[in-house]
Amino acid sequence: MRTKGPGVLRNSDTRLFCLALALLTGAARADDPAARTVVLANRRVPESLELARHYMRARGIPEDRLCALDLPAGETILREVYEVRLRDPLLAFLRERGLIEQARRPADSVRRHESEWQTISSSIRYVVSMYGVPVRIADTRWRIGEAIANRMRRFDLKDAAAVDSELALALNAAYPIRGPYPNPLFNQMNEADAPASAALVLIAARLDGPDAPTVRRMIDDALAAEQRGLGGWAYVDRRGLEHGSYALGDFWLAEAAERLLREGFNVISDLSEPVWGPAFPMEQAAVYLGWYTEHVAGPFLRPGFRFEPGAVAYHIHSASAATLRTPSEHWAGPLLAAGAAATMGCVGEPLLNWTPHLSVFTDRLCRGLTFGESAYLAQPVLSWQVTVAGDPLYRPFRQNPEEQADRGATGDWTRVRVVNRLVRAGRFNIGLEWCRRWLAETGSPVLREKLADLYARNDLFPEAAAEYRAVAEQAATVETAVRAGALALRILRALGQTGEADALEQALRARWKDSPVLPWLETGRLEESPRTAPPTPTPGA
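In this report, the structure presented in the accompanying data block is examined. (Residues numbered from 1 in each chain as written. Predicted model: local features only at pLDDT ≥ 70, side-chain atom pairs only at ≥ 80, totals over all residues. Heavy atoms only, no water.)

Topic: the overall build of the chain
So, step 1. Looking only at helices and strands, the chain features 17 helices and 17 strands.
So, step 2. Taking all 541 residues of the chain together, 59% fall into the buried category.
So, step 3. In the chain, 73% of the contacts between residues at least 6 apart in sequence involve partners at least 24 apart.
So, step 4. Carbon and sulfur atoms make up 52% of the accessible area of the chain, which amounts to about 21,800 Å² in all. (Helix = DSSP H or I, 4+ residues; strand = E, 2+ residues; numbered from the N terminus. Buried < 20%, exposed > 50% of the residue type's maximum accessible area, 1.4 Å probe, protein only. Contact = heavy atoms within 4.5 Å. Areas by Shrake-Rupley, 256 points an atom, 1.4 Å probe, with all protein chains shown as cover.)

Some remarks on the nonpolar core
So, step 1. Counting residues in hydrophobic clusters, the biggest one holds 163 residues, and the most contacted among them are Leu167, Tyr288 and Phe307.
So, step 2. Apart from the residues within four sequence positions on either side, Leu167 is in contact with Leu40, Tyr82, Leu86, Leu90, Val127, Ser129, Leu202 and Ala204. (Core = buried A, V, L, I, M, F, W, Y, C linked by side-chain atoms within 4.5 Å.)

Thoughts on the pairing of strand β2 (residues 66-69)
So, step 1. In terms of strand pairing, strand β1 (residues 37-42) meets β2 through four bridges, oriented parallel. Looking at the pairing, Asn42 lines up with Leu69 of β2.
So, step 2. For the crossover that starts at β1, traverses helix α2 (residues 46-59) and ends in the parallel β2, the hand is right-handed. (Pairing = 2+ DSSP bridges. Right-handed = clockwise from strand over helix to strand, strands pointing away.)

Focus: the sheet that holds strand β12 (residues 267-270)
So, step 1. Taken together, the four strands give an open sheet; going across it, the order is β12-β11-β13-β14, and neighbouring strands pair in parallel fashion. Looking along the sheet, the strands with just one partner apiece sit at the ends: β12 and β14 (312-315). For this sheet, the mean angle separating the axes of adjacent strands, direction not counted, is 15 degrees.
So, step 2. Together, β11 (233-237), β12 and β13 (285-290) form the strand contacts of helix α7 (residues 247-262), whose direction differs from that of β11 by roughly 165 degrees. (Axes fitted to C-alpha atoms, helices over the stretch in contact; angles between N-to-C directions.)

Overview of the packing of α2 against helix α6 (residues 212-228)
So, step 1. Orientation of α2 relative to α6, taken along the N-to-C sense of each, is 10 degrees, at an axis distance of 10 Å. In terms of axis orientation, α2 runs roughly parallel to α6. For the pair formed by α2 and α6, the contact residues are Glu47, Leu51, His54, Tyr55, Ala58 and Arg59 on the first element and Ala212, Val215, Arg216, Ile219, Asp220, Leu223 and Glu226 on the second.
So, step 2. Taken together, the residues that form the contact of α2 with α6 break down as seven nonpolar, one polar and five charged. (Parallel < 35°, antiparallel > 145°, perpendicular 65-115°, else oblique. Nonpolar A, V, L, I, M, F, W, Y, C, P; charged D, E, K, R; others polar.)

So, in structure tokens, the structure goes:
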């Protein structure tokens, strides 16, 4: 299936222009991203302006970079309205402040939907749309044509798009709007390595969500997580697909899980077809990646569930961001309402291979790139369906855990990541020793559970069972109690200590009675045909 080809620049000096533009933008790449950021707000929505000013103060973005426009207040904008009241006024704003240099194109060369202006140079890289700016651009086709194309599953024929994805090409004078447009940033290691044509791509994201308080919290959480480091569990919910076109999504998730393990995270990965149910003991989630249901489900709906501050969460689905401003429908809005600081989503059917490649996204994020850079390096096409919700300047992995420890960070999750990275580097005994030492200093249940994992990995099953049991019995939350308790039960039963296992299970059920998480304790039972060796619970199991 073909995508749109590059637009034709009506300029005999196109090659020289691209080279000059690459040099101009390359010189600015080392600068502070805040100096290359413009913030877009909707004058009709008071919260949009308030949030814009709060974000700009927090990030140190110059006050004259606020572009307040008169836009519709809903999530959808017509194509003609987008061009006349959003794209063109934004370009005028940038020209007036000397942030871009453009030349007017000959009037007879400008076709419908194209910009009148040819970009010569730009010092802007990020455009951040605030809560209140429309999310999607409506299709221009007659409804009968849209219905026929959809019935034929020719989703590539539409020109509906996410506003973010269209703004990414705002500096391009001419490109076909129907169908997806190739992204020159895709799969690059960083923007410095991208081809010269990528200099005309803006990293367009939004600080948006179910309501204004959620957006303010997203801003503050991203900044706080940058300072202390992102800590918590990483959850990857796969489907176990190995064949067919949808196996691509499972491949991305498997690669993302492996990359997070290399980064030192405790990763819990599932291979079964259903999404996690309400009994799954998810807590302290720093990263969530999964698929595939239309509406939010499982542990995210439990009362009191919250992501860790600064969490990155994404659910693959064709309608994951069909609406952002809801706490209960689809996925993007509910994930943000539950405490995530950053997500992505699709405003319409994108086709799987044209959604963010999570293997690329996770790798670039772990390398220390910004959330916005990682999101755009992972997208194969633009002028398409993906919206990027979160602070694009957010760098959750700005420092590795060893650097955090060197500067005095003493969080339990930082220490867990240091231990995991030592073990992964083949220095198991050193990692084990540091885990024991830090546990003795702090008594942390997080470190105790890590110690249990290490014992189990080293076939020290009685010691592992004792530590898991201690975590379960001393747990402050039902999720910790049930997760560690189930592992203790399996090992105890595999060791033939069924009396101790039954007593522990009875105690846990009594303490946490009526909790929707209790059914997870059933995973602590052995199969009818027990294994010849005790099970080995690991963070990735």
